[in-house]
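Below are the chains, spelled out letter by letter.
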Amino acid sequence: MERTFILFKPDCVQRRLVGRILARFEDKGLNVVAMKMLTITPELSRQHYAEHVQKGWYPTLEAFITGGPVVAAVLEGLEAIRVVREMLGATTGLNAAAGTIRGDYSSSRQMNLVHGSDGAEAAKREIALYFKPEELVDYQPTITKWMRAADEG
Ligand code: CDP
Ligand code: MG
């Protein structure tokens with residue numbers, strides 16, 4: 001089992017798409033193991049997007065991501081990091097494949113609705129940035145035995 005960090009960005013909350021997009025992750029078989037609403041501060045934005053802080057477009061990203069409430073969550077499932085990234089689609093909504101979240105709901109490079117960790121190290125770092133260890137809930141849904149065979153992990 002693997003855990004990944006996702007963030008429903010301010011455009012997603014403002015467009016009232018959180019429920020519909022969360023349902024896609026749930027339908028896929030991913031478990032929500034932590035979730036909360038917050039407003040990102042400039043300091044948290046700089047930590048989250050540390051790899052982009054030096055980029056010319058970072059100030060507009062910071063203005064966007066701090067510009068309204070977000071919903072942060074941790075999803076758990078087999079190969080959850082890869083599965084979520086593939087469900088999100090390419091960064092720019094205009095280029096993202098139809099059937100992906102960004103492909104279906106976004107036409108923007110910046111306002112692409114949902115963030116997902118891009119690797120194991122990022123997932124660990126981002127989960128710790130937004131959640132205390134005790135905010136992560138361990139449970140096994142009883143439906144699991146009807147979601148995949150026992151030898152699939
Ligand atoms: O989110 P993802 O990993 O697909 O893309 P990224 O290249 O790591 O960029 C992080 C986020 O910055 C994107 O999801 C966009 O919201 C934003 N961005 C932007 O505002 N302007 C750009 N030129 C590129 C990305
Ligand atoms: Mg990225």
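Residues numbered from 1 in each chain as written. Chains lettered and ligands numbered in written order. Predicted model: local features only at pLDDT ≥ 70, side-chain atom pairs only at ≥ 80, totals over all residues. Heavy atoms only, no water.

A word on the packing of aromatic side chains. Aromatic rings in a pair are described by how distant their centres are and how their planes are angled relative to each other. The tally for this structure, following the rule as stated, stands at 1 aromatic pair. Summarising the aromatic geometry, the rings of F5 and Y130 are spaced 4.5 Å apart at their centres and angled 25° between planes, so their arrangement reads as stacked. Of this pair, F5 sits in strand 1 (residues 2-8) while Y130 sits in helix 7 (residues 120-130), and the two are 125 residues apart along the sequence. Considered together, F5 and Y130 belong to a single accessibility category, that of buried residues. (Phe/Tyr/Trp six-rings, centres within 6.5 Å; stacked < 30°, edge-to-face > 60°. Helix = DSSP H or I, 4+ residues; strand = E, 2+ residues; numbered from the N terminus. Buried < 20%, exposed > 50% of the residue type's maximum accessible area, 1.4 Å probe, protein only.)

Once that is clear, we can look at the environment of P59. Secondary-structure assignment places P59 in helix 4 (residues 58-65). Given a relative accessible area of 52%, P59 falls into the exposed group. Along the primary structure P59 and R46 are separated by 13 residues, whereas in three dimensions their C-alpha atoms are 9.9 Å apart.

This part covers the packing of helix 2 (residues 18-28) against helix 5 (residues 80-88). One can describe the packing of helix 2 onto helix 5 by two numbers: an axis separation of 12 Å at closest approach and a directional angle of 135°. Considering the angle they form, helix 2 stands oblique to helix 5. Pair helix 2 / helix 5 crosses with right-handed handedness. Contact with helix 2, carried on its side by R24, F25 and K28, involves V83, V84, M87 and L88 of helix 5 and no other residues of that element. For the contact of helix 2 with helix 5, a count of residues per class yields 5 nonpolar, no polar and 2 charged. (Axes fitted to C-alpha atoms, helices over the stretch in contact; angles between N-to-C directions. Parallel < 35°, antiparallel > 145°, perpendicular 65-115°, else oblique. Left-handed = near helix turned anticlockwise from the far one by under 90°. Contact = heavy atoms within 4.5 Å. Nonpolar A, V, L, I, M, F, W, Y, C, P; charged D, E, K, R; others polar.)

Before going further, it helps to examine the environment of V83. On the secondary structure map, V83 appears in helix 5. Leaving out residues up to four positions away in the same chain, V83 has contacts with K28, L30 and L78.

When you line up the elements, S45 lands in helix 3 (residues 42-48). For S45, a relative accessible area of 1% corresponds to the buried category. Setting aside residues no more than four positions away along its own chain, S45 makes contact with I40, Y58, E62, I65 and T66.

Looking now at the site of ligand 1. In the neighbourhood of ligand 1, the contacting residues comprise K9, Y49, H52, W57, L61, R85, T91, R102, R109, Q110 and N112. Between R109 and ligand 1, the recorded distance is 3.2 Å, taken from a side-chain N or O atom to a nitrogen atom. Here Q110 contributes a backbone N or O atom positioned 2.8 Å from an oxygen atom of ligand 1. Contact with the protein chains removes 86% of the 510 Å² of surface that ligand 1 exposes when unbound. Taken together, the residues of the shell around ligand 1 sort by class into 3 nonpolar, 4 polar and 4 charged. (Near = heavy atom within 4 Å. Polar contact = N/O pair within 3.5 Å; in protein donor to acceptor, adjacent residues only side chain to side chain. Areas by Shrake-Rupley, 256 points an atom, 1.4 Å probe, with all protein chains shown as cover.)

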